[in-house]
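# An overview of the molecular structure
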Amino acid sequence: MPDVSQESPLTMEQMLQTIRTGLPKTLVPKNITVVGAGISGLVTASLLKEAGHNVTILEANNRVGGRIFTNRSSFYSGQYVELGAMRIPSIHLLVLEYIKKFNLPIEEFINSTPNDIIYVNGVRTIQSIYEENPDLLEFPTTQNEKGKTADALAKYAMEPVTSFIEKNPKQNWDIIIKEFDRYSMEYYLKYNPFGRRLSVGAIDMIKVMLGLEGFPELSFTALLREVMILFTEGLKFYEIKGGNDQLPASFLPQLSENLYFNQKMRRIEQTDSQVTIHTIDTNTSQRYTTTSDLAIITIPFSLLNFVEVTPHDLFSYNKYKAIRQLHYVASTKIALQFRTRFWEKEGFVGGKMISDLPVRYAYFPSQSVGTESPGVILASYTWEDNATLWDSLTEQEKIADSLENLAYIYGPKIYDEYLTGTSFSWAENPFSGGAFAIFKPDQQTEIAPYIQTPQGSVHFAGDHTSTTPGWIQGAIESGIRVAYEVNDLPKLSDSHETENEAK
């Protein structure tokens, strides 16, 4: 199989139609092993099973969903927090189509409000006041940068690139990547090639206010994709009412008989005609093998590093390089439950807090607004260097320090209101090895073309293989793409049974 880029030729409308009506019935039914029961693995398995294939899903965890992870067990009164994917942009049509397919209720995720709290450089204010007078945060900006918000400064610096992309996204993104892949975000802002250079003070404000402080050394073009999503005119966010884990759970009626939990992949072995996945039971340490005509690997490359490949040359030099080098972002969340929704009584309904305190970003719940029930605040949402600060602390220390940070905003009453709390690090999670993939400079040129390419009878999906990494949309896109990729491939084996002892 040639080791070249395999970007999906499918249009958005074709993918939406596939969700509605499925793949064409296969002309070549095969035994297919899907490794990973995150949303990409579930989408892939669902489409292929409907198309007539015999599908086996191996999942190392004891639940489906991957990085869609709703935590209910840590809180009282049936409340919860999204430790993983927590919001669905209104432009992510594939996610919304599956939500519609499964008839799941949604509500708006209130991502920001004019009353968003800001606590930066010792100054406490709210978003609407900051927008009227950005200089009150006392960042050392230059005279021509005075009076401009972080959003305005970022848009000014990036406008030559974003306006060029918007003229012809399909063609011009490739041109921008070729020209600017070597730039980090900080380098682009500091040494802007279009003469729109920003001062260190302005860049500092952008880092703090836009949540980029953990990312400055990462790829400009990769982060630009994220920023362009957030700057979309009229953008709204949604969440599934009752918890986002209802989306992966909706696949279970169809796929539960095909699904094997606690199966951690240790080796991929290919013969001339078949692929065998070697797994170990994470509870019993018993070893299993699953042999099929082809395998689809959806787990993060951070975990694939620990999987043996036999024969070694089944994977190309560039595939191994992509597995070793693809950068996964650390991310840590700390959630605290309080007796009352005291913040709502002060006019803060949904939205967030932005600070330069260690908690960095906090989000107020959009669920059960206006009720007398307790409430769960996502007290800290951090990435990269900002996340690893927290990862060095114990659970008790994380909770204590995040409470202390919130006390800067609300005073000592925060301690009287506190009920319970929890934290979760995606970098320390053995089933993810990080929160999501974002390229470093030069990686889109050097390794991106090889991330999704098949190797022998081994194929690849997952949000890291998509055009929208780090989002549910990307995971679904990759699942649809790889399902088409394998649906009518010729079967190299005469075998009509999948060997699997791991029930």
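Residues numbered from 1 in each chain as written. Predicted model: local features only at pLDDT ≥ 70, side-chain atom pairs only at ≥ 80, totals over all residues. Heavy atoms only, no water.

## Comments concerning the UniProt feature "binding site: FAD" (unreviewed entry) in the protein chain
In the UniProt entry, the feature "binding site: FAD" (unreviewed entry) is given for Ser40, Glu59, Ala60, Gly84, Ala85, Met86 and Arg87. A maximum C-alpha distance of 25.1 Å among these annotated residues, which run over 48 residues, shows that they spread across the structure rather than meeting at one spot. Relative to the helices and strands, glutamate 59 is located in the loop between strand E2 (54-58) and strand E3 (70-71). Those residues in contact with glutamate 59 that lie beyond four places of it in its chain are Gly36, Ala37, Gly38, Leu259, Tyr260, Phe261, Asn262 and Gln263. At a separation of 2.6 Å, a polar atom in the side chain of glutamate 59 contacts the main-chain amide nitrogen of alanine 37. Topologically, alanine 60 is positioned in the loop between E2 and E3. (UniProt positions renumbered as here; feature names shortened; annotations may be inferred. Helix = DSSP H or I, 4+ residues; strand = E, 2+ residues; numbered from the N terminus. Contact = heavy atoms within 4.5 Å. Polar contact = N/O pair within 3.5 Å; in protein donor to acceptor, adjacent residues only side chain to side chain.)

## Let's talk about the environment of arginine 481
Among the structural elements, arginine 481 can be located in helix H19 (residues 472-487). Through-space distance from the C-alpha of arginine 481 to that of threonine 465 is 9.8 Å; in sequence the pair is 16 residues apart. Side-chain polar atoms of arginine 481 contact the backbone oxygen of phenylalanine 460, separated by 3.0 Å.

## What about the packing of aromatic side chains?
Taken as a whole and judged by the stated rule, the model has 29 aromatic pairs. On the basis of an interplanar angle of 40° and a centroid distance of 6.0 Å, the ring pair of phenylalanine 215 and tryptophan 383 is categorised as tilted. Placement of phenylalanine 215 in the loop between helix H8 (200-209) and helix H9 (220-230) and of tryptophan 383 in strand E20 (residues 375-383) is noted, with a sequence separation of 168 residues between them. Each member of the pair phenylalanine 215 and tryptophan 383 is classed as buried. Among the aromatic residues, those joined into a ring-pair cluster are Phe180, Tyr183, Tyr187, Tyr188, Tyr191, Phe194 and Phe220. Lying across the ring of tryptophan 173, arginine 225 places its NZ or CZ 4.0 Å from the centre. Stacked on the ring of phenylalanine 460, the Lys or Arg lysine 319 has its end atom at 3.8 Å from the ring centre. (Phe/Tyr/Trp six-rings, centres within 6.5 Å; stacked < 30°, edge-to-face > 60°. Buried < 20%, exposed > 50% of the residue type's maximum accessible area, 1.4 Å probe, protein only. Lys NZ or Arg CZ within 6 Å of the ring centre and 35° of its normal.)

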